Amino acid sequence: MSYRQPVQVIGGGLAGTEAAWQVARAGVPVVLHEMRPTYTSPAHHSEHLAELVCSNSFGAMASDRASGLLHEELRQLGSVVIGKADEHAVPAGGALAVDRAVFSRDLTETLAQHPLIELRRGELRQIPREGIVVLTTGPLTSAALAEDLRRFTGQDYMSFFDAASPIVVGDSINQDIAFMASRYDRGEAAYLNCPLNRAQYLDFWQALCEAEQAELKDFERETAKFFEACLPIEEMARRGEDTMRYGPMKPVGLFDSRLGAFDDPANRGKKPYAVVQLRQEDKAGQLWNMVGFQTNLRWGEQKRVFRLIPGLESAEFVRMGVMHRNTFINSPELLNASLQFVQRPTLLAAGQLVGTEGYTAAAAGGWLAGTNAARVALGLPPLTLPVTGMIGALIDFISSAEPKHFQPMPPNFGIIPALPRRVRNKRERYGQYRDRAFADLQTWAAEHRLQLHRLSATA
Ligand SMILES: Cc1cc2nc3c(=O)[nH]c(=O)nc-3n(C[C@H](O)[C@H](O)[C@H](O)COP(=O)(O)OP(=O)(O)OC[C@H]3O[C@@H](n4cnc5c(N)ncnc54)[C@H](O)[C@@H]3O)c2cc1C
């Protein structure tokens, strides 16, 4: 096949943007189809590429954490998404967070200016039957294309629910109450923290448990499975009085230095019982994201209940929380380890459509699918097992989740068809057990006659 026929990437999210860039970087022309602004998904708000639909964070930066390792590998591999994330980073105490509007606008302009990339706006309703195609339409793939993909695979989708948290105007936060700090004083003081005493926490918890939910459609209510790493805050509240204090409202390592020294025993009684953290959204610090407060409450209820939080009594919300059903394909059955469909090797897929959750994982999958689409076009063998950090992200996810909540995710999470049980069962932190995990993976890969590449060395 001649590679003069452009590769077609469908969906300009995190995965598609990275994929299109890698195709072009290999010298192969590419058309990137993005349906926004003509059609939009229920979670997207702009017309720009690589829009971050909820939090503005790509996860922890330290390279002994799965996300940090993946960032570092993607940097070395020339990822445009992580490159722009670095350029437009905002303070986030050890996490890689970005000014989302500037980040997405810059990526849109950068891709639009590349001589080998054509950015074509409009919904693609069918998978192109010919040529090399990369599907990166995400968890909210448009209905017509989803139906065509279902016909092509002959399989139903799998799904779970994911929610986004509200964004608050900085000037409306009462900074006599909210204080700046990062947990355990790590990095710069990057978060605004709203402290609650026990009575305030219990009032808030009660109000949250009783608040009115936005309606799910009947069939959705029956099958509502939440993504455990991103539970709606009201679902967390329903699970128990203290659940939020062990989750997003964890008070440890946070202290208002205006009250005195943290380690002074005289100040022990001043430590908060619970804390709501807000992370900076934009470089100017005008917008703040409520960390871990993804929600499916009715919008009026969100305002009423969240204004009970000390410091947010007059909060103005520029975006409310929402919840959506995320769908994904049964990738271990449908794809091989190079992200090509077994049925049609010229069709590849990446991002949340294949079940990898999160911005960083989407960018990594996009890197691999784009690289492989270009390699197929150039007549080169595709790369097989993926970025080491992606494996790490997988292990990290698996080790931090409760097995009983796996149902919708594990067989499809990531692109590794059958992780060995001993890796799957690891409950310890990834960083600490990385070497052992890699040894296990190497054995497993050898057993399956797969080569395990560290892409930074092979790309
Ligand atoms: C409500 C919600 C909250 C989330 N919160 C977080 C979070 O806080 N942190 C995190 O890391 N991840 C979060 N995620 C997951 C995260 O959004 C995804 O993992 C990541 O964005 C997936 O990237 P992607 O490129 O696969 O899909 P997307 O980024 O969704 O991109 C898909 C693109 O395809 C386009 N498209 C769809 N159909 C068509 C078509 N037929 N033709 C042309 N274009 C099409 C869409 O417009 C979109 O631009 C959340 C997801 C949802 C739905």
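This text follows the structure it describes.
Notes on the structure follow. (Residues numbered from 1 in each chain as written. Predicted model: local features only at pLDDT ≥ 70, side-chain atom pairs only at ≥ 80, totals over all residues. Heavy atoms only, no water.)

Glancing now at the site of the ligand. Taken together, 35 residues surround the ligand, and among them Glu34, Arg36, Ser142, Gln352 and Gly358 come closest. Between an oxygen atom of the ligand and a side-chain N or O atom of glutamate 34, the distance comes to 2.7 Å. At 2.9 Å, a backbone N or O of leucine 124 approaches a nitrogen atom of the ligand. Protein contacts shield 95% of the accessible area of the ligand, which totals 990 Å² for the unbound molecule. (Near = heavy atom within 4 Å. Polar contact = N/O pair within 3.5 Å; in protein donor to acceptor, adjacent residues only side chain to side chain. Areas by Shrake-Rupley, 256 points an atom, 1.4 Å probe, with all protein chains shown as cover.)

A word on unusual backbone geometry. Note that the residue after arginine 36, namely proline 37, is joined by a cis bond; omega there is 0 degrees. With respect to the helices, strands and loops of the structure, proline 37 is situated in the loop between strand S2 (30-34) and strand S3 (57-60). Phi is positive for leucine 339, close to 70 degrees, though the residue is something other than glycine. When you line up the elements, leucine 339 lands in the loop between helix H10 (331-334) and strand S16 (347-349). (Helix = DSSP H or I, 4+ residues; strand = E, 2+ residues; numbered from the N terminus.)

Residue placement: arginine 183 occurs in the loop between strand S10 (179-181) and strand S11 (191-196). Comment: no salt bridge for buried arginine 183; closest opposite-charge side chain is aspartate 185, at 11 Å. Polar side-chain contacts of arginine 183 include one of 2.8 Å to the backbone oxygen of valine 252. Those residues in contact with arginine 183 that sit more than four places away from it in its chain are Lys250, Pro251, Val252, Gly253, Leu254 and Gln277. (Buried < 20%, exposed > 50% of the residue type's maximum accessible area, 1.4 Å probe, protein only. Lys, Arg positive; Asp, Glu negative; His and termini not counted. Salt bridge = Lys/Arg side-chain N within 4 Å of Asp/Glu carboxyl O. Contact = heavy atoms within 4.5 Å.)

Evaluated as defined, the whole model comprises six aromatic pairs. Where phenylalanine 293 meets phenylalanine 306, the ring centres are 5.5 Å apart and the plane angle is 75 degrees; that geometry is what we call edge-to-face. Taken together, the residues phenylalanine 293 in the loop between strand S13 (287-290) and helix H9 (299-306) and phenylalanine 306 in helix H9 connect sequence positions 13 residues apart. Note on accessibility: phenylalanine 293 and phenylalanine 306 belong to one class, buried. Among the aromatic residues, ring-to-ring pairing joins Phe58, Phe103 and Tyr359 into one connected group. Over the ring of tyrosine 273 we find arginine 245; its NZ or CZ atom is 3.9 Å from the centre of that ring. (Phe/Tyr/Trp six-rings, centres within 6.5 Å; stacked < 30°, edge-to-face > 60°. Lys NZ or Arg CZ within 6 Å of the ring centre and 35° of its normal.)

What follows concerns the nonpolar core. Val7, Phe58, Phe103, Leu135 and Phe341 are the most contacted members of the largest nonpolar core, which has 64 residues in total. With ten residues, the single largest contributor to this core is helix H11 (residues 359-377). By size, the runner-up hydrophobic cluster in this structure holds 33 residues, among which are Cys194, Leu196, Leu208 and Met290. (Core = buried A, V, L, I, M, F, W, Y, C linked by side-chain atoms within 4.5 Å.)

We now examine the sheet that holds S3. Taken in spatial order, the three strands line up as S3-S5-S4 in an open sheet, and their pairing is antiparallel. The sheet is open, and its two edges are formed by S3 and strand S4 (89-90), each paired on a single side. As judged from the two bridges shared by S3 and strand S5 (residues 95-98), these two strands associate in the antiparallel manner. In the sheet register, alanine 60 faces S5, and the bridge partner there is alanine 95. Set on the sheet, helix H3 (residues 80-87) makes contact with S3, S4 and S5; between it and S5 the angle comes to about 85 degrees. (Pairing = 2+ DSSP bridges. Axes fitted to C-alpha atoms, helices over the stretch in contact; angles between N-to-C directions.)

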